[in-house]
Amino acid sequence: MRKTGLAVGVRGKRRKAGPSLAALSLAALSLAALPFVPISACGMDMPPGMKMPGMNMQAGVTSTQVAGNYRIELNVLPPEPFYTAADASARHVKQGMLVTGGATPVEPTDSPPPNHHLIVHAFDRGSHALVDARVTLSFRPVDATGRPTGDSVAVPVVVMQAIGSGPSSTHYGNNVVMGPGVYDVTVTVNGTAATFRIKVS
Ligand SMILES: [Cu+2]
């Protein structure tokens with residue numbers, strides 16, 4: 001890596017390269033003071049491929065891959081509550097997941113409590129239209145060299161929409177327990193596989 005700007009020498013009067021300690025802690029402070037960025041509708045508002053390393057990872061991880069005929073977007077978000085359509089309307093729920101099919105949801109109140117909402121959106125590669133997909137999803141912890149450090153965990157895939165956002169918000173996945181670390185997440189969309197390496201905090 002090339003250092004720029006910081007170590008411009010003054011001849012005969014050596015200056016230390018790099019920002020001062022005070023500047024560093026100021027930088028850390030301003031990072032810590034950044035407001036939490038809410039993400040609506042399961043990350044639909046985040047540009048594909050956007051990552052926020054070193055920042056509040058609760059704000060989400062988004063990663064996109066093209067595989068076969070599909071563009072697959074993976075999101076790691078905070079856990080979400082699930083509702084049936086009847087539940088949601090009876091209780092006037094404005095935020096959360098509307099279950100439209102698939103496996104049994106893992107509720108935020110389940111034990112052990114899930115700490116992430118691991119989901120995929122599936123789009124047509126060319127038109128970027130949402131596709132109706134049969135999705136499988138699993139994750140496996142890996143070390144820095146990519147070697148697996150634990151078993152692969154299959155995620156029971158719920159088909160859901162973000163409440164209030166309609167069918168265009170359809171996505172697949174569930175609440176999961178994922179400790180901090182690096183994972184290989186394997187997704188299949190109608191039999192087409194993609195593996196994402198992501199860092200979860
Ligand atoms: Cu969701």
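Residues numbered from 1 in each chain as written. Predicted model: local features only at pLDDT ≥ 70, side-chain atom pairs only at ≥ 80, totals over all residues.

Q: Where do I start with the overall build of the chain in this structure?
A: Looking only at helices and strands, one finds two helices and eleven strands in the chain. Ordered by position in the sequence, the α and β elements of the chain form the string α-β-β-β-α-β-β-β-β-β-β-β-β. Excluding contacts between residues fewer than 6 apart, the proportion of contacts in the chain whose partners are at least 24 apart in sequence is 56%. (Helix = DSSP H or I, 4+ residues; strand = E, 2+ residues; numbered from the N terminus. Contact = placed C-beta atoms within 7 Å.)

Q: What is the right way to read the sheet that holds strand β5 (residues 116-124) from this model?
A: Within a sheet, neighbouring strands are paired by backbone hydrogen bonds and run either parallel or antiparallel to one another. Taking strand neighbours across the sheet as the criterion, the seven strands line up as β1-β2-β5-β9-β8-β4-β3 in an open arrangement whose pairing is mixed. Each edge of the open sheet carries a strand with a single partner, namely β1 (61-67) and β3 (82-83). Pairing of strand β4 (residues 97-102) with strand β8 (residues 158-162) involves five bridges; the strand directions are antiparallel. The residue bridging Gly102 from the neighbouring strand is Val158, located in β8. (Pairing = 2+ DSSP bridges.)

Q: Is there a simple way to explain the nonpolar core in this structure?
A: Counting residues in hydrophobic clusters, the biggest one holds 34 residues, and the most contacted among them are Ile72, Val120, Ala122, Val135, Leu137 and Val187. If you list the elements that add at least two residues to this core, you get β2 (70-77), β3, β4, β5, β6 (135-142), β8, β9 (171-176) and β10 (181-189). Once you skip the residues sitting within four places of it in the chain, Val187 turns out to touch Ile72, Leu74, Val120, Val135, Leu137, Ala193 and Ala194. (Core = buried A, V, L, I, M, F, W, Y, C linked by C-beta atoms within 7 Å. Buried ≥ 20, exposed ≤ 12 C-beta atoms within 10 Å, placed from the backbone.)

Q: Mind showing me how you'd approach the sheet that holds strand β7 (residues 153-154) here?
A: The strand order across the open sheet built from four strands is β7-β6-β10-β11, with neighbouring strands paired in antiparallel fashion. Each edge of the sheet is formed by a strand with only one pairing partner; in this case those strands are β7 and β11 (192-200). Two strands pair when backbone bridges link them, and β6 and β7 are joined in this way by two bridges, in the antiparallel orientation. Across the sheet, the residue bridging to Phe139 is Val153, located in β7.

Q: It is not clear to me how the confidence of the model for the chain should be interpreted in this structure. Could you clarify?
A: The predicted coordinates should not be examined in detail at positions where pLDDT is low. Predicted confidence across the chain gives a mean pLDDT of 80, with 71% of residues reaching 70 or more. Across residues 1-58, where pLDDT falls below 50, the model places 49 contacts with residues more than four positions away in sequence or in other chains. (pLDDT = per-residue confidence, 0-100.)

Q: Looking at this model, I keep getting lost on the pairing of β8. Mind explaining?
A: The two faces of the sheet receive side chains in turn, since in a regular strand these alternate between them. The side-chain alternation of β8 yields one buried face, formed by Val158, Met160 and Ala162, and one unburied face, formed by Val159 and Gln161. Relative to β9, β8 is paired through three bridges, and the arrangement is antiparallel. Bridge pairing links Met160 to His171 in β9.

Q: Even after reading the chapter, I still don't get the environment of Thr100, so can you show me in this structure?
A: Mapped onto the elements, Thr100 comes out in strand β4. Distance from Thr100 to Met160, taken between C-alpha atoms, is 5.2 Å for residues 60 residues apart in sequence. Non-local contacts of Thr100, meaning those with residues more than four positions away in its chain, are made with Val159, Met160 and Gln161.

Q: Can you walk me through the pairing of β5 in this structure?
A: The buried fraction of β5 is high, at eight of nine residues. Summarising the sheet, β2 and β5 pair through eight bridges and their orientation is antiparallel. Bridging from a neighbouring strand, Leu74 pairs with Val120 of β5.

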